[in-house]
Every structure is written in structure tokens, then in C-alpha cells.
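Coordinate analysis (summary)
Listed below, chain by chain, are the residues.
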Amino acid sequence: RNVVIYIFGTSAGGKSAAKKLGASVWGPVDEFFHDLDGTDAGIEGLLSKMRNLPVFLDEKQATDRDQKAMDRLVYKIANGKGKLRGSWHGESSSLGSSSGECWQTITCMSGEHALTNNGSAEGVQNRILEIYCEAVITDRKFASSLHSINQYAYGVAGEAFLNHILSISTEDLLTRYNSLLDDLTANNSDKREDSLSHLAVLAVSDSIRQNLFGDIEPAAAKESTINWIQQIAEKLPSAETTSESTRAYQYLKNWYQQKANYFTHLGHVLEKNDRYGWTKGNDLLINPNVIYEVLQEGRFNFDRIKFDWKREGRLKTHKNNKKTDYTVHVKEAEGRVVYLPDFLEIPYEDHEVGKAILIDNVVRYKKEEVGNTDE
């Protein structure tokens, strides 16, 4: 799979300058370095032209793409294949199709803000290595000089690097990759497998670069690579926090905090006409139509999420003619509801006097002293 690297951080952090230096490795900067505000067809054409060489795209904030469009672009780049388009054959007067070119590349993108957000599909997050960096180049004078790197040299190191790669057997490259991936996995078992795989690709490249251009022995190059690649890995979010299931669940929790007044205790009638559901102890019983609409607003699909929530114990179900029904009938609720057990528990927040708990929809802090019965 193609690797998409996205580096974000504050302005004047040297991101663009560093990408121009990276582009100059392979050839004239203007051939490899482009703004992200190009059309999808234009970016696809660039990728097709470069084929197996890196591409550098700059300044996410300069594009007018919304989040859905950005997510689609990530899919397109990572999938490595152009869009299927219709084409007119003049000689035969028939309408055919053209699937466009294919590519296999590393695409480096940057911006001041994160590329993905809470509503981005898990597939998008698996296809991108998103790294926050306060400053890529701290020396501003040096960073400024890199914007005119074309005046000095370009394309020399890239050719030498490729020739060296071609002299290494596929088996040797795979051995290096698997060794580095094993080290990353052992030290970062809570991270997404795709992210570690992307990091291992970069690690192989960097260890070869050190050996080729720095005349550093392979063992020392590997150790140096692992040191800095591990610093990146430690800052990546865990697989649990980035899973679509967890993000959707947290999104619903945040929504509930704003709408708690529209829920009533089971067995009580809410005076408001726009009733969303009920609470039963720490359980939340929500109107099925409401949960569909709420999650859709957050760009989550309940029809897909419900399978994960069932497997994770976040959703009660029952069997209906050997089929699983993801709503349950509750007599006091006068119909079927989506039943989320222990939804109202707050086990995460600390306080100077103890742990936060929820009592009658009000956050209380339980004191830790043994024998103290105060809330």
C-alpha cells in the first residue's frame, strides 16, 4: 500500500522548506513539490507522472476541500489507482472507459492543522501517518535558504540511492523491513499496525541512507534509525482511541452531556415533547431514530458501528428468530430502544479528592479516605 505522511504544526516550523529539500533529492523541486490546492484530476495526473517517485504536497489550509473531500483524496492517493473515466473513441464512435494510471509512492503532505478529524473513517486513518511536529527545522536562516535549493543541486542523491537499492536483493530488503517492524511492534503494541508498517518503511530507507551517504555501519545505522523512529511511534495515538467504534461512542457521550435534560428516568414521563430516551441507573436507553441521526451528524454509521458495540459489550441485543436484533423492547419505554449498559459511568476523570462518579446525572467526587461516606 502507498504511504501517505502528513506533518502538521505551527506556521514557520520549516515544514515547506524541509519538503523542498526532500524534493530536491529526486530532481527539480518544481517537478515534485506542489500546493495541495490542485484539483483531484491534477493531483492524480501528478501521481501518475511520478509513478514510483515521491510526491510532496504543501499547505492543507490553502485548499478549499472540505473534510469529506480530503478523506477521499487520501483514499485515492493510498489506493494507487486513477479514477475510472469515460472516453470517446472517434473511429468506432463508441463510448469506452479509461481507468487511468497506477502509482506506488510515498506522498508527503503538510499543514498547520491535523488532516483527519473525529469523523474521518478508520480506513482513512489506517492509510495515513499523521505526525505533529513543533518545528522540522529550528534554524530559520537555514530553512529560508532551502527555498532556493534548486540553485545548488538536485537529483544527484536520488539517483545514487535508487542505484544502491537496485543492488540489494528483495529478500534482504524484506529481512530489514521485518526486523525493524518487529522491533517497533514489540515496543508499541498499543499502536495501529498500519502506522507501524509505514514507520518501518521509513526506517528501512533511513538506515540505508545513513549507510550509503554517511558511511555508517549497518548495525549503527539501524540503532540510530530506531532511536528517532521510536520517538515518532510514542507520539502516535493508540489503536483503541483511533478506532471508529471508540470515537463514535465518545461522540455520543459528548452529545449526551449537552442533551441530558431531554432524558428521563425509566418509569417517569418527561414533560418535554422532544423526548430522546430514558436512563436506568447507569444505563442509557435511547430512541433508535435519535441515535441514527446523532451519529450521522458526526459522520458515523450506526448500522456498521452496532456490530462493534455488540462485540465490545457496549450494546445490549436479543435473539429474534435466530437473528440478532440490535434494539430491545422495554415495557416502561413503551417500545424498542437502543440499550447502552453502563453508558453513564465516568471512570476516567481524576480530582484532588478522588474519582469522579455520576449520581442522578450529576457529577460527584467520591473521597478516597476509608470510612468516609461523604459523596
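Preceding block: the structure.
Quick look at the structure, then. (Residues numbered from 1 in each chain as written. Predicted model: local features only at pLDDT ≥ 70, side-chain atom pairs only at ≥ 80, totals over all residues. Heavy atoms only, no water.)

1. Concerning helix α9 (residues 193-213)
Its 21 residues give α9 an end-to-end C-alpha distance of 30 Å, which sits within 8% of 30 Å, the value for a rise of 1.5 Å per residue. Residues S195, L196, H198, L199, A200, L202, A203, V204, D206, S207, I208 and Q210 constitute the buried set of α9. (Helix = DSSP H or I, 4+ residues; strand = E, 2+ residues; numbered from the N terminus. Expected span 1.5 Å × (residues − 1). Buried < 20%, exposed > 50% of the residue type's maximum accessible area, 1.4 Å probe, protein only.)

2. What to know about the sheet that holds strand β10 (residues 283-286)
Pairing in this open sheet of five strands is mixed, and the strands run β8-β9-β10-β14-β13 from one edge to the other. Looking along the sheet, the strands with just one partner apiece sit at the ends: β8 (263-265) and β13 (328-330). Neighbour-to-neighbour, the strand axes of this sheet turn through a mean angle of 40°, independent of strand direction. Of the pairings in the sheet, the one linking β8 to strand β9 (residues 277-280) comprises three bridges and is parallel in character. What sits directly across from F263, in β9, is G277. Along the sheet face, helix α13 (residues 288-297) touches β10 and β14 (335-340) and points at about 50° away from the line of β14. (Pairing = 2+ DSSP bridges. Axes fitted to C-alpha atoms, helices over the stretch in contact; angles between N-to-C directions. Contact = heavy atoms within 4.5 Å.)

3. Considering the side chain of S245
Mapping S245 onto the fold places it in helix α12 (residues 244-259). In this structure the side chain of S245 is engaged in a polar contact, spanning 3.3 Å, whose partner is the side chain of R314. (Polar contact = N/O pair within 3.5 Å; in protein donor to acceptor, adjacent residues only side chain to side chain.)

4. Thoughts on a negative patch on the surface
On the surface, a cluster of negative charge is made up of D35, D37, D64 and D66. Relative to the helices and strands, D66 resides in the loop between β3 (55-58) and α4 (67-79). The exposure class assigned to D66 is partly exposed, which follows from its relative accessible area of 48%. (Patch = residues over 30% accessible without salt bridge, like charges linked within 9 Å, V, L, I, M, F, W, Y side chains within 5 Å. Areas by Shrake-Rupley, 256 points an atom, 1.4 Å probe, with all protein chains shown as cover. Salt bridge = Lys/Arg side-chain N within 4 Å of Asp/Glu carboxyl O. Lys, Arg positive; Asp, Glu negative; His and termini not counted. Charge placed at Lys NZ, Arg CZ, Asp CG, Glu CD.)

5. Considerations on the packing of aromatic side chains
In this description, an aromatic ring pair is defined by two values, namely the gap between the centres and the angle between the planes. Under the defined criterion, the tally for this structure stands at 15 aromatic pairs. An angle of 90° between the planes, with centres 6.1 Å apart, marks the rings of Y256 and F343 as edge-to-face. Here the residue Y256 occupies a position in helix α12, and F343 occupies one in the loop between β14 and β15 (350-351), the gap between them amounting to 87 residues. For the pair Y256 and F343, a shared accessibility class is recorded, and that class is buried. Among the aromatic side chains, those forming a connected cluster through ring pairs are Y249, W255, Y256, Y262, F263, Y276, Y292, F302, W309 and F343. Looking at K253, its charged tip hangs above the ring of F343, at a distance of 4.7 Å from the centre. Sitting over the face of the ring of Y339, K316 holds its NZ or CZ atom 4.3 Å from the ring centroid. (Phe/Tyr/Trp six-rings, centres within 6.5 Å; stacked < 30°, edge-to-face > 60°. Lys NZ or Arg CZ within 6 Å of the ring centre and 35° of its normal.)

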